[in-house]
Amino acid sequence: MSDKTDKTDQQQRLSVFKTYKLYVGGKFPRSESGRVYEVTDAKGKWLANAPQSSRKDARDAVVAARKAFGGWSGATAYNRGQILYRVAEMLEGRKGQFVHEVAEAEGLSKSKAADQVEATIDRWVWYAGWTDKIAQVLGGGNPVAGPYFNLSSPEPTGVVAVLAPQESSFLGLVSVLAPVIATGNTAIVIASERSPLPALSLGEVLATSDVPGGVVNVLSGRTAEIAAPLASHQDVNAIDLAGAGHDDGLAKELEIAAADNLKRVLRPQPVDDWSADPGIDRMTPFLETKTVWHPTGSLGASGSSY
């Protein structure tokens, strides 16, 4: 009798569906507009309702990113590397969840989705290792004719808006986000419009790791609607148009809007394989070069200098 009752209870149980939210300033707000939109898998099956961000949400994300910039850019490169590595640890612990979400989002088999997730975790580790090395590659002493030290070093640009790739919901997302924050910038990420769920779940990982609130802000919704106010926003210093590569008209409009306030713009570039060695090409566009001149001093009567 008890076995029969247990089976009946199991049959009557309703699944608890996940409520996806934005990630802004270290918190999980719903869109201020109250809007959501349906997210489906590759076969058109409903997966979830994702928040449809508004212009107000985009402005709130900029405020959060600017507030976090001073602390994040002022942290030591070694500390940023430790924090990024902690994110990779958290992703490793939740690998099963992301395999499931990526498989559904991109219509992949479980094994192929697992390959994508593992490559994504490795990508985090790779950028974690670059945080305290990029300055050695891009900086150094400059030869000058005179009794001066002339030293150049890379500095973060500031607040960067990132349009995540549309076709690669997780690996592509991390491939454009990680280099931005590894170099000391803060980011507002617009998730893939069609497949935003892995990006929204990444926000949960960031919140439970050591990444300070506001360093990464994740928005979902209509890419064109969210990107327009970010491209024209005076307090956004740069924009990566990776996710606008499918729409030449949108990319052009955003470039024009960004030019009005002298933003740095990384134009969309075709990427055949996001798992390929990324190099440092996505770190350099969001770094400024600071050059310091300092007079050398004389030592003793001989006049030798250091």
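Residues numbered from 1 in each chain as written. Predicted model: local features only at pLDDT ≥ 70, side-chain atom pairs only at ≥ 80, totals over all residues. Heavy atoms only, no water.

1. Topic: the overall build of the chain
Consideration 1: Counting secondary structure elements, the chain contains 10 helices and 12 strands.
Consideration 2: Its C-alpha atoms put the chain at 105 × 45 × 35 Å along the principal axes.
Consideration 3: Taken over 306 residues, the chain has a buried fraction of 46%.
Consideration 4: Pairs at least 24 apart in sequence give 77% of the contacts found in the chain among residues at least 6 apart.
Consideration 5: Accessible area of the chain: about 15,000 Å², with a carbon and sulfur share of 52%.
Consideration 6: Averaging the positions of the 31 positive and the 35 negative side-chain charges in the chain gives two centres separated by 4 Å. (Helix = DSSP H or I, 4+ residues; strand = E, 2+ residues; numbered from the N terminus. Buried < 20%, exposed > 50% of the residue type's maximum accessible area, 1.4 Å probe, protein only. Contact = heavy atoms within 4.5 Å. Areas by Shrake-Rupley, 256 points an atom, 1.4 Å probe, with all protein chains shown as cover. Lys, Arg positive; Asp, Glu negative; His and termini not counted. Charge placed at Lys NZ, Arg CZ, Asp CG, Glu CD.)

2. So, the pattern of salt bridges
Consideration 1: The final tally for this structure, using the stated rule, is 15 salt bridges.
Consideration 2: Of the charged contacts in the structure, one is a salt bridge between R66 and D235, with a shortest N-O distance of 3.1 Å. One end of the pair, R66, is in helix α2 (residues 55–74); the other, D235, is in the loop between α9 (223–232) and β8 (238–240), with 169 residues separating them in the sequence.
Consideration 3: Three or more residues joined by partner-sharing salt bridges are found here, namely K18, R94, E101 and E204. (Salt bridge = Lys/Arg side-chain N within 4 Å of Asp/Glu carboxyl O.)

3. Focus: the packing of aromatic side chains
Consideration 1: Enumeration over the complete set of coordinates arrives at 5 aromatic pairs.
Consideration 2: Judged by centre distance (5.8 Å) and plane angle (55°), the rings of W126 and W130 are tilted. One end of the pair is W126 and the other is W130, both in helix α5 (residues 110–130) and 4 residues apart, which spans about a single turn.
Consideration 3: A residue is classified by how much of its surface remains accessible, and W126, at 29% relative accessible area, is partly exposed.
Consideration 4: Within the aromatic cluster, the residues linked to one another by ring pairs are W126, Y127 and W130.
Consideration 5: A cation over a ring is seen here: R66 above F69, with NZ or CZ 5.7 Å from the ring centre.
Consideration 6: Positioned over the ring face of Y37 is R222, at 4.5 Å from the centre of the ring. (Phe/Tyr/Trp six-rings, centres within 6.5 Å; stacked < 30°, edge-to-face > 60°. Lys NZ or Arg CZ within 6 Å of the ring centre and 35° of its normal.)

4. Topic: the sheet that holds strand β4 (residues 148–156)
Consideration 1: Pairing in this open sheet of 3 strands is antiparallel, and the strands run β3-β4-β10 from one edge to the other. The open sheet has two edge strands, β3 (140–141) and β10 (287–295), and neither has a second partner. (Pairing = 2+ DSSP bridges.)

5. A word on helix α3 (residues 77–93)
Consideration 1: Look at α3: 25 Å from first C-alpha to last across 17 residues, which is about the 24 Å you get at 1.5 Å a residue.
Consideration 2: Of all the residues in α3, the buried ones are R80, G81, I83, L84, V87, A88, M90 and L91.
Consideration 3: Looking at the buried residues of α3, the elements they touch are α2, α4 (95–106), α5, α7 (171–182) and α8 (197–207). (Expected span 1.5 Å × (residues − 1).)

6. What to know about the nonpolar core
A general tendency of soluble globular proteins is for nonpolar side chains to be buried together.
Consideration 1: In this structure, L91, W124, F170, I181 and L202 are the most contacted members of the largest nonpolar core, which totals 61 residues.
Consideration 2: Residue contributions to this core peak at 9 residues, all from α7.
Consideration 3: Residues A58, A227, L241 and A251 belong to the second largest nonpolar core, which totals 26 residues. (Core = buried A, V, L, I, M, F, W, Y, C linked by side-chain atoms within 4.5 Å.)

By themselves, these figures tell us nothing about what the structure is for.
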